[in-house]
Amino acid sequence: MPNQKGLSAIAVILVLILLLALGGGGYFYYKQKQEKALPPQTTFDYINLNEDVSVFLFQRIPRLYTRVLQLNGELTIIAAELERIGELENEYPSGKRIVQAERAVWVKLQKSLLASVQSTEKNIESYYVAYMVNRETGKELINGSIEELLSRIDEVLETSKKETRRLKVVKDQTVLEKLKALF
């Protein structure tokens, strides 16, 4: 009989371990799925969207969310360049004419991007409101005009990237950095 009690105790322990493992796996699955539903970025420096709209954009129109991230990134690069140019102008006043010519290029590009951002914000908000009021109407509105909006944004981004490409420093990565980037 003592042998049978020992086997019963072992069976109970194994069942408890199995239940704990299943519970842990279920929790991990739930957390992973929950993280996929949330966008990596909900606030932007140059784009005025509230968090609910950002989440909607990420979940319902991911291609547009990607373009919004790109617009914000380009504007960030331009702002940094304008700041750098301003510091050069202050440090070397004799080169003011050169700096002003370069500043004009960046300011013009920044204005173009900001105009695109304003138009995009209005479209995104109308998509969000239409979808929240009536899902079918919202889907129709999105499907009917999204391609045109994306192509307009792509044109502006392409123009901007031609200029900002030269600012982006291409850093040679070590093997370890490449492995880290993969994982």
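Right above here is the structure, for reference.
Only a predicted model underlies this, so the values are computations on that prediction, with no experimental measurement involved.

Caption draft 1: Region of interest: a nonpolar patch on the surface. The grouping of Val-12, Val-15, Leu-16, Leu-18, Leu-19 and Leu-22 at the surface amounts to a nonpolar patch, some 590 Å² of accessible area in total. With respect to the secondary-structure elements, Val-15 resides in helix α1 (residues 2–37). A residue is classified by how much of its surface remains accessible, and Val-15, at 47% relative accessible area, is partly exposed.

Caption draft 2: Broad picture of the nonpolar core. Counting 31 residues, the largest nonpolar core has Leu-57, Ile-61, Leu-64 and Tyr-127 as the members making the most contacts within it. With nine residues, helix α4 (residues 96–133) is the single largest residue contributor to this core.

Caption draft 3: Highlighting the side chain of Glu-89. With respect to the helices and strands, Glu-89 occurs in helix α3 (residues 62–91). Among the polar contacts made by the side chain of Glu-89, one reaches the side chain of Arg-103 at a distance of 2.5 Å. For Glu-89, the residues in contact, after removing those within four places along its chain, are Lys-96, Val-99, Gln-100 and Arg-103.

Caption draft 4: Quick look at the packing of helix α2 (residues 51–60) against α3. In contact at an axis separation of 5 Å, α2 and α3 are set at 125° when each is read in the N-to-C sense. Considering the angle they form, α2 stands oblique to α3. Here Ser-54, Leu-57, Phe-58, Gln-59 and Arg-60 of α2 lie close against α3, whose contacting residues are Pro-62, Leu-64, Tyr-65 and Val-68. Class assignment of the residues belonging to the contact of α2 with α3 gives a composition of six nonpolar, two polar and one charged.

Caption draft 5: Seen up close, the packing of α4 against helix α5 (residues 135–164). With their axes 10 Å apart at the nearest point, α4 and α5 run at an angle of 165° to one another. What the angle tells us is that α4 and α5 run roughly antiparallel. Once α4 is placed against α5, the crossing between them reads as left-handed.

Caption draft 6: Highlighting the packing of aromatic side chains. Here the structure, examined in full by the defined rule, presents four aromatic pairs. Aromatic pair Phe-56 and Tyr-131: ring centres 5.3 Å apart, planes at 50°, arrangement tilted. A residue pair is termed long-range when its members are at least 10 positions apart, and Phe-56 in helix α2 and Tyr-131 in helix α4 qualify at 75 residues. The same class applies to Phe-56 and to Tyr-131, which are both buried.

Here is what the cut-offs are and how they apply
- Residues numbered from 1 in each chain as written.
- Predicted model: local features only at pLDDT ≥ 70, side-chain atom pairs only at ≥ 80, totals over all residues.
- Heavy atoms only, no water.
- Patch = residues over 30% accessible without salt bridge, like charges linked within 9 Å, V, L, I, M, F, W, Y side chains within 5 Å.
- Areas by Shrake-Rupley, 256 points an atom, 1.4 Å probe, with all protein chains shown as cover.
- Salt bridge = Lys/Arg side-chain N within 4 Å of Asp/Glu carboxyl O.
- Helix = DSSP H or I, 4+ residues; strand = E, 2+ residues; numbered from the N terminus.
- Buried < 20%, exposed > 50% of the residue type's maximum accessible area, 1.4 Å probe, protein only.
- Core = buried A, V, L, I, M, F, W, Y, C linked by side-chain atoms within 4.5 Å.
- Polar contact = N/O pair within 3.5 Å; in protein donor to acceptor, adjacent residues only side chain to side chain.
- Contact = heavy atoms within 4.5 Å.
- Axes fitted to C-alpha atoms, helices over the stretch in contact; angles between N-to-C directions.
- Parallel < 35°, antiparallel > 145°, perpendicular 65-115°, else oblique.
- Nonpolar A, V, L, I, M, F, W, Y, C, P; charged D, E, K, R; others polar.
- Left-handed = near helix turned anticlockwise from the far one by under 90°.
- Phe/Tyr/Trp six-rings, centres within 6.5 Å; stacked < 30°, edge-to-face > 60°.

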